[in-house]
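What the coordinates show
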Amino acid sequence: MKLDKAYTLDEIAELVSGKAVGNASIKAHGINEIHAVSEGDIVFVDHNKYYKPTLSSSASIVIIDQPAECPKGKALIVHPEPFEAFNFLTQHFLKKLEENSKEKPNIHPSAQVYPGAHIGKFVTIGARSVIHPGVVIYDHCIIGDDVIIHANSVIGSDAFYFKRREKLHDKLISVGNVILENEVEIGAGCTVDRGSTGSTFIGEGSKLDNQVHIGHDTVIGKRCLFAAQVGLAGCVTIKDNVVMWGQVGCAANIEIGEGAVIYAQSGVAKSLEGRQTYFGSPAIDARLKMREIATISNLTRKQ
Amino acid sequence: MKLDKAYTLDEIAELVSGKAVGNASIKAHGINEIHAVSEGDIVFVDHNKYYKPTLSSSASIVIIDQPAECPKGKALIVHPEPFEAFNFLTQHFLKKLEENSKEKPNIHPSAQVYPGAHIGKFVTIGARSVIHPGVVIYDHCIIGDDVIIHANSVIGSDAFYFKRREKLHDKLISVGNVILENEVEIGAGCTVDRGSTGSTFIGEGSKLDNQVHIGHDTVIGKRCLFAAQVGLAGCVTIKDNVVMWGQVGCAANIEIGEGAVIYAQSGVAKSLEGRQTYFGSPAIDARLKMREIATISNLTRKQ
Amino acid sequence: MKLDKAYTLDEIAELVSGKAVGNASIKAHGINEIHAVSEGDIVFVDHNKYYKPTLSSSASIVIIDQPAECPKGKALIVHPEPFEAFNFLTQHFLKKLEENSKEKPNIHPSAQVYPGAHIGKFVTIGARSVIHPGVVIYDHCIIGDDVIIHANSVIGSDAFYFKRREKLHDKLISVGNVILENEVEIGAGCTVDRGSTGSTFIGEGSKLDNQVHIGHDTVIGKRCLFAAQVGLAGCVTIKDNVVMWGQVGCAANIEIGEGAVIYAQSGVAKSLEGRQTYFGSPAIDARLKMREIATISNLTRKQ
């Protein structure tokens, strides 16, 4: 998420009552969760396991739960609860952005929104797009031109992102959105979660069949085809022209190369090269999987 | 389901025109399907296979399709069609309960119900809960405090419970409800069926991602996390802190122990111990499953 | 799809500006996609692979992208873009049919349609049927008597049918419908796509649990039971009394015989005989699958 203007380190530290350390002249221009940070961003970390990758990320200001060596040119804000501080900041800045925007959805006059569809605030819908009955588009989502969204699909629901606590889970409050490029088609009963701080993205001309689920911050290329009941976790990267058959599942934080084809019911647990065909749970080269199936079959029939 | 007051054996027998046998002084306080019965309950049985477990259950009055030895202290009502008699009684008593209740939903003033959500009769929604557009909550469901239900989810649809007949299936008419405890979050496009006569229950702080299905009378503990497209059949018991990754399926009438973790796309066909990790369809110990996968892979590559 | 009246070959050729070849006296009575054609129908073909089956199908007029030998008694219309010509014709004839029909849905006075349900144009709903809140029924669908459709299900969304092009995919525009026979029950959050030119069909007394997906032009027999999250692709034929447990998937263009039982999470990749039980992905005889599972388990534990 971009901030409404540049903020000084001290301004950010004061907003969350944290202790600023490091490059005092640094300016914050954005705030993002670790997987989506770039230079000028505020980020947070509150777990040993993630100190190193977060401190060495491109983020400029790190909200952290204990003093640490500050990387050169960057700044830290020490805070007892970085998760809460981060939630506070994203909501604070979202409100600022909303004050400067037009709340009323911006729906192109040639778009068709059926009765019973619910369009959130700050939403954009492009030319000739068709939004069927019962579709729900949460705030801030951007729908391109010539998009079709079939009945009862949900665009922009919250990221499934919780922090385990001793008593109950804390929720990372989603402030991102969903962007559907031109000529995307979404089937009936699909769900596309918004980015936690950035955008979940579906590229030009990609088509989703019914009951497909796309997790937060996942980025899908152009001209992909996903059959019914496919489910992608969060932070997945799918390149152009990928085909997934029905009920395929895809784990978080992986990448699938251009033109890959994944057969039905496969479970993709790690990144896959493009231009190949995969099958199985976990998914492997489809011909190899067929040979494995034959191996078991032969061994069993022999007995 | 509890009855509006205590009924005598003769009163129940008369309602269904059945023949009462056994302890004439017994009183009915509730009516429940076999998996949910306790003392004082009416239950039914109409199949050889279930005579013994039903007659020896804690139910006090058994509607049965043929004369049988009446267990001591209990009563039978002999009826040619126990299934139909049971449907008649549950609907009869539901109507009685409804006559004594306030039909208008009881929505806490701090709760937020978006336009396009449909709240049934006799529903309760607690403080600060958020019901997104397109959510449908069927009659009699109880939603706690600080609950979030995302767009187009359905709470309280009918149990999938049919009796095969020669011509068409007969439906067990659902009269139960769904109870969501405080701080439960339900993703978009989820479905939670109500209990057939009792309650489908999701414990405090449990979180469901999108497109999760929960069958009738299933009981889920506290602080569970279910990723997208998980499906639980009816009458499942899930203890606290269970984690299920995407597209896991779970068969009816089983129990999963506290803190169990089930990897993506697993199929749970029988009860599992807590504090362990499982994988596969059917699901087994995850490390063992990984070894099985390696076994097949090695055998195949050797050939 | 039936046409509003018989059309001559020349009339059809003129509508799409194509070149008519062959039996000039032939009359067109219908227009259908290849899998649903019968005598008197217009069909199209634009790929080497399908020339032979299309030319030898029972269709009477074939729109084709290059000159070919015309089968005796039939006719061809040569057109540079048969896919576009077909889309043009189906929409043209749908409009004709709609001009001759009553646009207002024909809902039986004893049917119950809840607020928040959306009933399309030219829809029929039979006696005593119950349409729950949030259900969306697209134009032209036919719902029988005593049907129950639970909340937020979608009946009649478009077929997932695209033609790959160099730049973006072209969409086959769906003009078919869905027919639900008497006593069908559809769970919550289901999606049933309409036929591309014909009907997707669910036979008398069949029951779908929640979140089931049925693809376009699929034909389901009587008294079938599909548990939650089952997904059938397009053009599948399911005979009477078939049972599918949760999360079963079924590939396109196959047939499942009467009384077959498919265990949970199975993936049906080819046609299956009736009166048997199947398991696995791909699905095979269930006992054989159990033996395969034992084979792997034994081999792994030995090592």
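Residues numbered from 1 in each chain as written. Chains lettered and ligands numbered in written order. Predicted model: local features only at pLDDT ≥ 70, side-chain atom pairs only at ≥ 80, totals over all residues.

**Notes on the relation of the copies chain C and chain B**
The transformation that overlays chain C on chain B combines an axial shift of 0.0 Å with a rotation of 120 degrees, and the residual RMSD is 0.0 Å. Look at the turn and shift together and you get a three-fold axis relating the two. Residue by residue, only 19% of the interface of chain C is reproduced at the interface of chain B, so the copies engage with different surfaces. (Least-squares fit on C-alpha atoms with pLDDT ≥ 70 in both. Contact = placed C-beta atoms within 7 Å.)

**Thoughts on the domain arrangement of chain A**
All names here are of chain A. As far as domains go, chain A holds domain 1 (2-99) and domain 2 (106-290). For domain 1 and domain 2, the distance between their C-alpha centres works out to 29 Å. With 11 residues of domain 1 in contact, the opposing surface of domain 2 contributes 11 residues. With six residues, the top contributor of residues to the side of domain 1 that touches domain 2 is helix α3 (residues 82-99). A class-by-class count of the residues in the side of domain 1 that touches domain 2 yields four nonpolar, five polar and two charged. (Domains from an automatic or database assignment. Helix = DSSP H or I, 4+ residues; strand = E, 2+ residues; numbered from the N terminus. Nonpolar A, V, L, I, M, F, W, Y, C, P; charged D, E, K, R; others polar.)

**Digging into the pairing of strand β15 (residues 154-157) of chain A**
Residues and elements named next belong to chain A. For strand β12 (residues 136-137) and β15, the ladder comprises two bridges, and the chain directions are parallel. What sits directly across from Ile137, in β15, is Ile155. The pairing of β15 with strand β20 (residues 191-193) spans three bridges and is classified as parallel. Looking at β20, one finds that Ile155 is bridged to Val192. (Pairing = 2+ DSSP bridges.)

**Here's the deal with the relation of the copies chain A and chain C**
For the match of chain A to chain C, the screw axis carries a shift of 0.0 Å, the RMSD comes to 0.0 Å, and the turn is 120 degrees. When the interface residues of chain A are mapped onto chain C, a mere 19% of them again fall at the interface, so the copies present different faces.

**Observations regarding unusual backbone geometry**
All names here are of chain A. A cis amide bond links Ser281 with the next residue in sequence, Pro282, at an omega value of 5 degrees. Topologically, Pro282 is positioned in the loop between β33 (277-279) and β34 (284-285). Look at Asn152: it is not a glycine, yet its phi comes out positive at around 65 degrees. Here Asn152 lies in the loop between β14 (148-149) and β15. On the basis of neighbour count, Asn152 is assigned to the buried category, with 35 C-beta atoms found within 10 Å. (Buried ≥ 20, exposed ≤ 12 C-beta atoms within 10 Å, placed from the backbone.)

**With respect to the pairing of strand β4 (residues 41-45) of chain B**
All names here are of chain B. Taken across its five residues, β4 has five buried, putting it largely inside the fold. Alternating positions in β4 separate into two faces, Asp41, Val43 and Val45 on one and Ile42 and Phe44 on the other, with burial throughout. Note: strand β3 (residues 27-31) against β4, two bridges, orientation parallel. Each residue of the ladder has a partner; that of Ile31, found in β4, is Ile42. As judged from the four bridges shared by β4 and strand β5 (residues 61-64), these two strands associate in the parallel manner. Looking across to β5, one finds that Val43 is bridged to Val62. In this fold, β4 hands off to helix α2 (residues 48-55), which returns the chain to β5; that crossover is right-handed. (Right-handed = clockwise from strand over helix to strand, strands pointing away.)

**Looking at the nonpolar core**
Ranked by size, the top nonpolar core spans 193 residues in total, and within it Ile137 and Ile262 of chain A, Ile137 and Ile262 of chain B together with Ile137 and Ile262 of chain C carry the most contacts. For Ile137 of chain C, the residues in contact, after removing those within four places along its chain, are Ile119, Gly120, Val123, Ile143, Ile155 and Gly156 of chain C. (Core = buried A, V, L, I, M, F, W, Y, C linked by C-beta atoms within 7 Å.)

**Considering the interface of chain C and chain B**
Frequently, the measure chosen for interface size is the accessible area removed from exposure when the parts meet. On the side of chain B, 29 residues touch chain C, which itself brings 31 residues to the contact. The element contributing the most residues to the side of chain C that touches chain B is helix α4 (residues 286-302) of chain C, with four residues.

**Overview of the sheet that holds strand β10 (residues 124-125) of chain A**
Residues and elements named next belong to chain A. Taken together, eight strands build an open sheet; the order of strands is β7-β10-β13-β18-β21-β24-β27-β30 and the sheet is parallel. Each edge of the sheet is formed by a strand with only one pairing partner; in this case those strands are β7 (106-107) and β30 (255-256). Sheet topology places β7 next to β10; two bridges connect them, and they run parallel. The partner of Asn106 across the bridge, within β10, is Thr124.

**Describing the sheet that holds strand β10 (residues 124-125) of chain B**
All names here are of chain B. Taken in spatial order, the eight strands make up an open sheet running β7-β10-β13-β18-β21-β24-β27-β30, and their pairing is parallel. Across the chains shown, the open sheet's two edge strands, defined by having one partner strand only, are β7 (106-107) and β30 (255-256). Where strand β13 (residues 142-143) and strand β18 (residues 177-180) come together, two bridges link them in parallel fashion. Each residue of the ladder has a partner; that of Ile143, found in β18, is Leu180.

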